[in-house]
Amino acid sequence: MRLPLTHPPPAEPAALARCAYLEQLARAAVGLPLGAAATALSSARSRGRHGNALQWHLGLAAHDANAEPDWEGRIELKLLTVWRARGRVVCDKLKVCDAEIDPWRKLANVLFVLADRTTRVVVGHRAFTLQGEAWAQLAASWRADSHFDAPALFMESRQGPTGASPAYYVSAAWLGAFVLHEPPGVLEPLRVTAAGGDPLLTLVDADAQGPVACPRCGGPIRYDQAVLQRRGIAPAHHGMPLSGACALRPHAAVDRSRIPPSRVLAPHERDLALQGACAPDRLVRLVDLVPEPTDHGH
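None of the values given here were measured: they were computed from a predicted structure. (Residues numbered from 1 in each chain as written. Predicted model: local features only at pLDDT ≥ 70, side-chain atom pairs only at ≥ 80, totals over all residues. Heavy atoms only, no water.)

Participant: Quick question: what am I supposed to make of the sheet that holds strand β6 (residues 122–129) here?
Facilitator: If you trace the four strands from one edge of the open sheet to the other, you get β3-β2-β5-β6, paired in mixed fashion. Sheet topology places β3 (88–91) and β6 at the edges, where each strand pairs with a single neighbour. Across this sheet, the average inter-strand angle for adjacent strands is 35 degrees, counted without regard to direction. (Pairing = 2+ DSSP bridges. Helix = DSSP H or I, 4+ residues; strand = E, 2+ residues; numbered from the N terminus. Axes fitted to C-alpha atoms, helices over the stretch in contact; angles between N-to-C directions.)

Participant: Could you clarify how one ought to interpret the packing of aromatic side chains in this entry?
Facilitator: Centre-to-centre distance and the angle between the planes together describe a pair of aromatic rings. Per the stated rule, a full pass over the model turns up six aromatic pairs. Aromatic side chains Phe112 and Phe128 sit 5.9 Å apart centroid to centroid with 70 degrees between the ring planes, which places their arrangement in the edge-to-face category. Here Phe112 is found in strand β5 (residues 109–116), whereas its partner Phe128 is found in strand β6, with 16 residues between them in sequence. Phe128 carries the same exposure label as Phe112, and that label is buried. Ring centres 5.8 Å apart and planes at 50 degrees place the aromatic pair Trp174 and Phe178 in the tilted group. With Trp174 and Phe178 both in helix α6 (residues 172–178) and four residues apart, the pair spans about one turn of that helix. Classification of Trp174 as buried rests on a relative accessible area of 1%. Members of the aromatic cluster, each reached through a chain of ring pairs, are Phe112, Phe128, Trp174 and Phe178. Above the face of the Tyr169 ring, Lys93 is positioned so that its terminal group lies 5.1 Å from the ring centre. (Phe/Tyr/Trp six-rings, centres within 6.5 Å; stacked < 30°, edge-to-face > 60°. Buried < 20%, exposed > 50% of the residue type's maximum accessible area, 1.4 Å probe, protein only. Lys NZ or Arg CZ within 6 Å of the ring centre and 35° of its normal.)

Participant: Help me out: how do you make sense of the pattern of salt bridges in this one?
Facilitator: Once their charged atoms are close, side chains differing in charge can pair, the charge on each being opposite to the other. Applying the stated criterion across every chain, the model contains 17 salt bridges. For Glu156, the salt bridge identified is with Arg2, shortest N-O distance 3.3 Å. Note that Glu156 is positioned in strand β7 (residues 153–160) and Arg2 in strand β1 (residues 2–3), a separation of 154 residues in sequence. Exposure remark for Arg2: the relative accessible area of 24% places this residue in the partly exposed category. A salt bridge links Glu188 to Arg231, with the nearest nitrogen and oxygen atoms 3.4 Å apart. Of this pair, Glu188 sits in the loop between α6 and β9 (200–204) while Arg231 sits in helix α7 (residues 225–231), and the two are 43 residues apart along the sequence. What makes Arg231 buried here is its relative accessible area of 18%. Each of Asp205, Arg256, Arg270 and Asp271 takes part in salt bridges that share partners, so that together they form one network. (Salt bridge = Lys/Arg side-chain N within 4 Å of Asp/Glu carboxyl O.)

Next up, the structure:
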């Protein structure tokens, strides 16, 4: 259900806020798999578990609902899940904050981190300041009809386990116009019919012949090589023996060459994390791999 906005836009667009350290972390995050940390930190049913993983990798509390922007009270962090549809990179609408929090403060300066929908690998980022046409479109939402005018910013209420939970969202169209770009590593979404959430991934070479060994248990993984070569990803079947997580989740094979290389993890470390074969106590935070500069450049 759509509700009227309760926070009017400020009188002027936002002023630029930046941090050289956060920019270094954002560049280093490309190629980082978020799934391993998400599994270690949150329930598999948690909608925001990959955002929690990003917060943890950046050295912040994994779970928070603060009114202040995430980074130093100056810059908000938003994980944007993206996929490829009809040749374009697209996304869904994005939650900004709960209804009682000022969305203009949250959107003033944002680091949008883009992650592929299926692999949950970080593929890019965009530092954003709410100015110009992006600001004008959001500000126009204050006087727009939330049902008929398709505003860029809107409030929507969903029924949750504790009752109605109204929150601010920005539209997919606005994100497409001002945030999205075309980074490598964005795949078409994989449609799986089995229950169990995100598929377990197995990295393979596109020209590999026959079944490959499961990186988690060693069982055989079979897939359609023609589909893999065409799309970069293919549904996979896990043969016997079958136990543990491998018995509970759908499976997919991913062309290793389609995944952006990590800038901070060794290839075998990246592969283990991406395939869910890394023990939780062996996970390393991104922030521990990127030296903090003396001057943050504020």
